Amino acid sequence: MIRTGAQYRDSIRDGREVHINGERVRDVTTHPAFRPLVDIRARIYDMAHEAETQAVMTVRDGEELNAVGNALPRTQADWWAKRRATDAVMEDVGGIVTRVGDETVGEMWSLYDGQDVLNEVDPQFSKNIERHILKVLREDPFHVSANTDPKGDRSKAPQDQDPDMLLHVVKETDAGIVVRGAKYETAAAYANQAFTKPTIANWGNAALSDYAVGFICDLGSPGLKFICRSGFAGARGGCVRADIRDYPLANRFDEVDTIVIFDNVLIPWENVLFYRHTKAATFIRATLHRYSAFAFVQRTLKQADMMIGAALFNARQTGLEKQQAVQEKLSTLAVWREGINAHLTAAIALAEPSPAGLLMPNQSLLYTGRVHAISKLHEMMHIARELCGGQICVTPNVADFESEETRPWLEKYYTVNEDWVAEDRRKLLAFARDLLNSDYAGHRLTFQLFAQSPPFAHLAAVYRNFDWEGPLDFVKNSAGLSDNVINLDGRAKGDGAVTKWFSENMPKAAE
């Protein structure tokens, strides 16, 4: 099933308790801080119905038409379709949105792969995840992911401080479990449901723990409170919202981060995915981004395109593009961008079957691609900032370009030639300022660094998924080391991913 934008808007008018800037929000679909993102999510729903984009945004399963982002990936073509749909959305809305559903529903597929682990806890939990994956396909909710806890004192076990610092179960009932605590979650205030799970392995180091709990949370549930950070485009109290022409990105794409308070919230048993079993929680944390990292990295690819476009336009309009130093900086941005692109492309080309029979992107290439994209983001932003020049931090706002007293002077000094008149130059500089130099830009940098997991966890994922035996085997043979050092008999020679591809796709050639 595919919903319409109107159906989505109606679904979040459920009386939920949302607060921002010290005020209670009565309708998130109309409030200025939330409406731009609600409109984007509604637009994505509507794209699935429009003749020009329906084929890109949907996939047919028998008689049913489903959203591409929600569909389980079973072939390389499925991944190419997901990638194309994400590009189509970003091109249509003209910017980057990180939390719109497709990038978080993949976390549930990791649970689908872990049904054997869930069966050790309770076979019902395995049935629950399968039912919820089908429910996402059939009902098309806006699905997000609740990960981060307030943390508290990490030198102490959760039981040794305020027990609510980490989300935990306080009671079991016939209807389900009752949970208390808090989670940070971007877009929760205007989403339908969240896959809620632990963020760190700090459950008391016991086989059973009330903190090792994962569930699907209906974000309209009684007892939930949403306390949201202020937007970067202003609009607080008597302060008007910043003009969209001065901050075009912050006004449209500032996704609202929220601390969600669970004040004795009932989670029905059919929504519980694992409970009290630390092995299940550990498995989830280790495999959580097996699929979802793909969409996350792809969004950084689009951010790279925005940075390159802004920097190149600025170099061209002032005639600096022909300078070797400028070309070197532009090429550095291009190398970073194409490195991200190469990792995404190769992750599909060398995709791997998952334990449950899905097709997951090549894990080593996907996770190394994430490190390549995110670890260099701050450096690339600085290069783009250099290329755009100091005018992104000194250019007056649009009001001065329109004022009768100041307009003639600004038209004189911001007009470069007959192709680049003052208004186009102002627009470009405002765009670059918001992309690279504003509060919104700083937030995007930090958000990307921590949105899936902190940098050390990015590298830990690489460590767990890299084929270490390949280099060891090569050096063992080259150095003539004995089997006492390591016995790798039975391992096929050469690059593991390439060898595996040939054995699966061209068995006769491999022989």
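Residues numbered from 1 in each chain as written. Predicted model: local features only at pLDDT ≥ 70, side-chain atom pairs only at ≥ 80, totals over all residues. Heavy atoms only, no water.

1. Quick word on the overall build of the protein chain
To keep it simple, the criterion reads: In DSSP terms, a helix is any run of H or I states spanning at least four residues, a strand is any run of E spanning at least two, and both are numbered starting from the N terminus. Values of the radius of gyration come from C-alpha atoms, whereas the globule rule sets the reference at 2.2 Å times the count of residues to the power 0.38. Each residue gets one of three labels from its accessible area relative to the maximum for its type: buried under 20%, exposed over 50%, partly exposed in between, using a 1.4 Å probe on protein chains only. Any pair of residues with heavy atoms lying within 4.5 Å of one another is described as a contacting pair. Only four residue types enter the charge count: Lys and Arg as positive, Asp and Glu as negative, with His and the chain ends excluded. All charge positions are set by atom: Lys at NZ, Arg at CZ, Asp at CG, Glu at CD.
Within the protein chain, the regular secondary structure consists of 21 helices and 16 strands. For a compact globule of 511 residues, the expected C-alpha radius of gyration is about 24 Å, and the protein chain comes in at 25 Å, within 12% of that figure. With the C-alpha coordinates aligned to their principal axes, the bounding extent of the protein chain is approximately 75 × 65 × 55 Å. Of all 511 residues assigned to the protein chain, the portion counted as buried reaches 50%. Considering only contacts in the protein chain between residues 6 or more positions apart, those separated by 24 or more positions represent 75%. Measuring between centres, the 58 positive side-chain charges of the protein chain sit 1 Å from its 69 negative side-chain charges.

2. A few points about the layout of surface pockets
The condition that has to hold: A pocket, in this scheme, is an open set of points on a 1 Å grid over the protein atoms alone with protein on both sides within 12 Å along at least 5 of 7 lines, while a cavity is a set where a 1.4 Å probe fits but cannot get out; residues line either one if an atom lies within 4 Å of a point. Grid points are joined across faces, edges and corners, and a volume is the space filled by probe spheres set on the points. Think of it as three bins: nonpolar holds Ala, Val, Leu, Ile, Met, Phe, Trp, Tyr, Cys and Pro, charged holds Asp, Glu, Lys and Arg, and polar takes everything else, Gly as well.
Of the voids in this model, the largest pocket is the one considered here, and its volume is about 950 Å³. Lining the largest pocket are 37 residues, and of these Thr-148, Thr-199, Phe-450, Ser-453 and Pro-454 sit closest to its centre. Broken down by secondary-structure element, the contributors of at least two residues to the lining of the largest pocket are β13 (258-268), α9 (278-287), α12 (363-375), α17 (439-450) and α18 (455-465). The residue makeup of the lining of the largest pocket, split by class, is 16 nonpolar, 13 polar and eight charged.

3. A look at the pattern of salt bridges
Put simply, the rule reads: The term salt bridge refers to a pairing of a side-chain nitrogen on Lys or Arg with a carboxyl oxygen on Asp or Glu at a separation within 4 Å.
Scanning all chains against the criterion turns up 32 salt bridges. The closest approach of N and O atoms between Arg-43 and Asp-92, which form a salt bridge, is 2.9 Å. Highlighted residues: Arg-43 in helix α2 (residues 35-47) and Asp-92 in helix α4 (residues 76-93), separated in sequence by 49 residues. Overall, the relative accessible area of 23% leaves Arg-43 in the partly exposed class. Assessed through its relative accessible area of 37%, Asp-92 is described here as partly exposed.

None of this, on its own, says anything about what the molecule does.
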